[in-house]
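Breakdown of the fold
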Amino acid sequence: MKRNIPFSQKLFWSIFFIFLGFTGCFFIFQYQREAEFAQEKLDTVLKTYNHQLHYRLLHDTTHQVDSIVKNFLDEIPNKDIRVTIIDPSGNVLFDNSAGVDDLPNHNDREEVQKARKMEKRSFAIRLSETTGIRYFYSASNINSYIYRTALPYDPDTKGILAINIDFIYFMAIMVAIFILVLSRYSRRIGQTIAKLRDFARNIRDVKQDDKEYVFPNDELGEISKQIITLYHKQQKAKDDLAVEREKLIKHFQYSREGFAMFTDSGQEILSNILYIQFANLIADEDIHAAEEVIELPELAPIRKFLEQQGNSSRTRVLRETVTVDKAGKIFLVECMLFLNNSYEISINDISRQEEESRMKRQLTQNVAHELKTPVSSIQGYLETIISNPDLPADKRAFFLERCYAQSTRLTGLLQDISVLNRLEEAGDLFDLTEVDLTKLITDISRECEQRMKAKNISCRLRLPQSLPIHGNNSLLYSIFRNLFDNSIAYGGEGITITVNCYKQDEKFYYFNFSDNGVGIEEKHINRIFERFYRVDTGRSRKLGGTGLGLSIVKNAVIFHKGQISAKSIIGKGVNFLFTLHK
Ligand code: ADP
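Note that the coordinates shown come from a computational prediction; the quantities given were computed from them, not determined experimentally. (Residues numbered from 1 in each chain as written. Predicted model: local features only at pLDDT ≥ 70, side-chain atom pairs only at ≥ 80, totals over all residues. Heavy atoms only, no water.)

1. Let's talk about the site of the ligand
Inclusion rule: Proximity is defined per residue: if any heavy atom of the residue lies within 4 Å of a molecule or strand, that residue is considered near it. Identification of polar contacts relies on pairs of N or O atoms within 3.5 Å, with a donor-acceptor requirement for protein atoms, meaning one able to donate a hydrogen and the other able to accept it, and with residues adjacent in sequence counted only if both atoms are side-chain atoms. Per-residue accessibility takes into account occlusion by the displayed protein chains alone, with areas from the Shrake-Rupley method and a 1.4 Å probe. The numbering of helices and of strands both runs from the N terminus, where a helix is a DSSP run of H or I of at least 4 residues and a strand a run of E of at least 2.
Neighbouring the ligand are 18 residues, the closest being Asn486, Tyr490, Ser540, Thr546 and Gly547. Between the ligand and the protein, one listed contact pairs an oxygen atom with a side-chain N or O atom of Tyr490 at 2.6 Å. Gly549 is positioned such that a nitrogen or oxygen atom in its backbone is 3.5 Å from an oxygen atom of the ligand. Taking 530 Å² as the accessible area of the ligand by itself, protein coverage stands at 96%. Mapped onto the shell around the ligand, the elements with two or more residues apiece are helix H13 (473-490) and helix H16 (549-559). Examining the composition of the shell around the ligand, we find that 3 residues originate from one element, H13, more than from any other.

So this is what it looks like as structure tokens:
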């Protein structure tokens, strides 16, 4: 397996080798410089000799070159110096270590050539052809005569030319310091990077990283801290977004409208259950995927709208709606296009809204109709009285009684309407008190005793000793009073009314209010709770009913957080099952 070299080591070694390369070059350069310096130093000494010799020879009158040289050599520390004097044409005029006659022309000698060219560094280390010894030659060109002094290249001379190695020590110390600093910094950088790598690995593997990372107090540490802070910020934003998305999805799932979102190519992003459900109600064949919905012939306008929008670059119309009347329901299908060409489609069941507005219209008609009857009969009676001033007193009293009865009926109707309105619009106007239902129901049964007796109706109350409830007394009264009144009015003679609290739990009382009278036909049973709904309009009116009784009962039950339903078998009576919150 390939070994992973840590970053810090890589960094260390790469900088180390670059530094070593530079140091090596510098060392070679400096070494040569030192060597040249030593040679130049010796050359300078020998050149001084050359010039001193020339000076002595110039001012000597004896012309005894030999003795002059000898004297000179006696005065200087280097006794074994070889001295040569060469004339402009290269002939050796004097040489203290060989006979002049044996010597060949010296113009080809390296140092001589250099001196002739007046080069600054006119010296050479080479083997002498004459003596067979290695010398350090230094030649000076003085008025085209070459004065040459040479030192045998023996250990002493080598010693003089030896390099001063102090700079090597200096360099070694510098290298050591550099390595120390480098290793310290590379380790530090390496640690920071290793921590960042750990962090990256952790967030990849664990998804969530709550570990505390401590970074050094430098730029890299600062950047690393910023990266982690940014990551946490981004993570938080992502989490927040996920929560919002979750909320949105939940909202869609529980929304009462079918909803789906699509990409620009028509791929589903998300949809709720109602979307498919509504689509299936519209479709003739089963639909399984949200993508299929757009293919429905009923949604052709929306399809066309999407196609047009895709092609046009004009100012965009972003919304298209179509109403579909199908399966006894009315659906409002709406398509909304977004800037990136993705779109959403919502399907709304507006039958309920339609139904509600229909009922509202009907309600107004009903109220008007209900008011019209008593008002017009009062008006009729009063007109008769006014236009017949001679009406006998007993007849007049009769008409006035009728008027009074109609106005009482009117008052009752207005009271019922007002109760219903208050229940719907301002439920909080009903104050809550502790009420004992057993007592309340017993009282009502007593109030109705006379009327029950007249119709030979018996009453059975299956109630516990007490049924305490936190509710509105007058509404609770209305519930049971209306049910009693209805059974007495419509049930028929010789029946039995039973009020049974058959169950109670922590929160609710469960009631069954029943009679074994004529009952209500199946087709009416679901509508008896509607306002002004009567099974037999004429009969109900004659009996003083307003058609609002059961509507009040239902709303009063709902006010007490309960539910009510009715069942009935024709000829066997009616059963009202309801709950009331304690
Ligand atoms: P109403 O003011 O006409 O009594 P309700 O809302 O109280 O109005 O009742 C609606 C209709 O339900 C009544 O017209 C009546 O025909 C029918 N109904 C109510 N209770 C009974 C019952 N116990 N037995 C038979 N029919 C009933």
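2. Thoughts on a nonpolar patch on the surface
Worth spelling out the cut-off: Grouping into patches uses exposed residues only, defined as over 30% relative accessible area, and leaves out salt-bridged ones; the cut-off is 9 Å for like charges and 5 Å for nonpolar side chains (Val, Leu, Ile, Met, Phe, Trp, Tyr). Note on definitions: salt bridges are taken to be side-chain nitrogens of Lys or Arg within 4 Å of carboxyl oxygens of Asp or Glu. Exposure is judged per residue with a 1.4 Å probe applied to protein chains only, and the accessible area is read against the type maximum: over 50% gives exposed, under 20% gives buried, and values in between give partly exposed.
Together, Phe170, Ile173, Met174, Ile177, Leu180, Val181 and Tyr185 make up a nonpolar patch on the protein surface, roughly 740 Å² of accessible area in all. Looking at where Ile173 falls in the secondary structure, it is placed in helix H5 (residues 166-205). In this structure Ile173 comes out as exposed when scored by relative accessible area, which is 53%.

3. Thoughts on unusual backbone geometry
Even without a glycine there, the phi angle at Phe532 is positive, about 65°. Mapping Phe532 onto the fold places it in the loop between helix H14 (522-525) and helix H15 (537-542). Residue class for Phe532 comes out buried when judged on its relative accessible area of 9%. One non-glycine residue, Lys561, lies in positive phi territory at about 55°. In this structure, Lys561 sits in the loop between H16 and strand E16 (564-569). By relative accessible area, Lys561 is classed as exposed at 60%.

4. Re the state of the cysteines
Selection rule: Here, the term disulfide refers to a pair of cysteine sulfur atoms separated by no more than 2.5 Å.
What the rule picks out here adds up to 0 disulfides. As a non-bridged cysteine, Cys448 has Cys459 as the owner of its nearest cysteine sulfur, 8.5 Å distant. Among the residues examined, Cys448 registers a relative accessible area of 0% and is labelled buried.

5. Considerations on the sheet that holds strand E3 (residues 123-127)
Applicable threshold: Any two strands with at least two DSSP bridges between them are considered paired. With axes taken as lines fitted to C-alpha atoms, and helix axes fitted only over the stretch in contact, angles between N-to-C directions fall between 0 and 180 degrees. By the convention used here, residues are in contact when the closest approach between their heavy atoms is within 4.5 Å.
An order of E2-E1-E5-E4-E3 is seen for the 5 strands of this open sheet, with the pairing classed as antiparallel. In the strand order of this sheet, the two ends are held by strand E2 (92-95) and E3, each with one partner. The average angle at which neighbouring strand axes cross in this sheet is 25°, direction not considered. Taken together, the 5 bridges between strand E1 (residues 82-86) and strand E5 (residues 145-152) define a ladder with antiparallel strand orientation. Paired with Ile85 across the bridge in E5 is Tyr147. Packing of helix H1 (residues 7-58) onto the sheet brings it into contact with E1, E3, strand E4 (134-142) and E5, and relative to E4 it is tilted by some 50°.

6. Details of the layout of surface pockets
To find leftover empty space, one rolls a probe the size of a water molecule over the atoms. Inclusion rule: Within this scheme a cavity is a closed region of a 1 Å grid, computed over the protein atoms alone, that accommodates a 1.4 Å probe without allowing it to escape, whereas a pocket is open but has protein on both sides within 12 Å along at least five of seven lines; lining residues each have an atom within 4 Å of a point. Grid points are joined across faces, edges and corners, and a volume is the space filled by probe spheres set on the points. Three classes are used, and their members are as follows: Ala, Val, Leu, Ile, Met, Phe, Trp, Tyr, Cys and Pro are nonpolar, Asp, Glu, Lys and Arg are charged, and the others, Gly among them, are polar.
One number sums up the size of the second largest pocket: a volume of about 740 Å³. Around the second largest pocket, the lining is made up of 26 residues, and of these Met359, Leu363, Glu424, Glu530 and Arg531 lie nearest the centre. The set of elements that each furnish at least two residues to the lining of the second largest pocket consists of helix H9 (351-387), helix H10 (393-425) and H16. The leading source of residues in the lining of the second largest pocket is H9, at 9 residues. Classifying every residue of the lining of the second largest pocket gives 10 nonpolar, 6 polar and 10 charged.

7. Concerning the packing of helix H11 (residues 437-447) against H13
What describes two packed helices is the angle between their axes and the distance between those same axes. This is how the line gets drawn: An angle below 35 degrees is treated as roughly parallel, one above 145 as roughly antiparallel, one from 65 to 115 as roughly perpendicular, and anything else as oblique. Working rule for handedness: look at the near helix, and if it is turned counterclockwise from the far one by less than a right angle, call the crossing left-handed; if clockwise, right-handed.
Here H11 crosses H13 at 45°, and the two axes come no closer than 10 Å. By the criterion of interaxial angle, the relationship of H11 to H13 is oblique. Considering the relative orientation of H11 and H13, their crossing is right-handed. In this structure, H11 uses Leu437, Leu440, Ile441, Ile444, Ser445 and Glu447 to contact H13, whose residues at the interface are Asn473, Leu476, Tyr477, Phe480, Arg481 and Phe484. Of the residues assigned to the contact of H11 with H13, the class counts are 8 nonpolar, 2 polar and 2 charged.

8. Overview of the sheet that holds strand E14 (residues 496-504)
Overall, mixed pairing links the 5 strands, which are arranged E12-E14-E15-E17-E16 in an open sheet. Strands at the two margins of the open sheet, each flanked by one partner only, are strand E12 (458-462) and E16. Averaged over all pairs of adjacent strands, the angle between their axes in this sheet comes to 15°, without regard to strand direction. Pairing analysis gives 6 bridges linking E16 to strand E17 (residues 573-581), with the strands arranged antiparallel.

9. Description of the nonpolar core
To keep things clear, this is the line we draw: Side-chain atoms within 4.5 Å link the members of a nonpolar core, which is a set of buried Ala, Val, Leu, Ile, Met, Phe, Trp, Tyr and Cys residues.
With 48 residues, the main nonpolar core has Leu437, Ile479, Phe480, Phe511, Phe576, Phe578 and Leu580 as its most contacted residues. Only H10, H11, H13, E14, strand E15 (508-515), H16, E16 and E17 provide two or more residues apiece to this core. Broken down by element, this core gets its largest block of residues, 7 residues, from H13. In contact with Phe578, not counting residues within four places along its chain, are Ile479, Phe480, Leu483, Tyr509, Tyr510, Phe511, Phe513, Val557, Gln563 and Ile564.

10. Details of helix H7 (residues 273-282)
Let me state the cut-off plainly: The arc in question is the one spanned by the directions pointing from the helix axis to the C-beta atoms.
What H7 keeps buried is the set Leu274, Tyr275, Phe278, Ala279 and Ile282. Along the long axis of H7, the arc covered by the buried residues comes to 130°, so they all point the same way. Check the buried side of H7 and you find it contacts strand E6 (258-262), strand E7 (268-271), strand E8 (319-326), strand E9 (329-337) and strand E10 (343-349).

11. A word on the pattern of salt bridges
As enumerated under the stated definition, the model contains 23 salt bridges in all. Arg109 is the partner of Asp108 in a salt bridge, and the nearest nitrogen-oxygen pair spans 2.9 Å. Residue Asp108 is classed as partly exposed on the basis of its relative accessible area, which comes to 47%. Connected through shared salt-bridge partners, Glu447, Arg451, Arg481 and Asp485 make up one network.

12. Focus: the side chain of Asn50
Among the structural elements, Asn50 can be located in helix H1. At 3.0 Å, the side chain of Asn50 forms a polar contact with the backbone oxygen of Tyr147.

13. A short note on the environment of Tyr275
Relative to the helices and strands, Tyr275 resides in helix H7. Sequence-wise, Tyr275 and Asn91 are 184 residues apart; in three dimensions their C-alpha atoms are separated by 121 Å. Residues within four places of Tyr275 in sequence aside, it is in contact with Gly258, Phe259, Ala260, Phe262, Ala290, Val293, Ile345 and Ile347.

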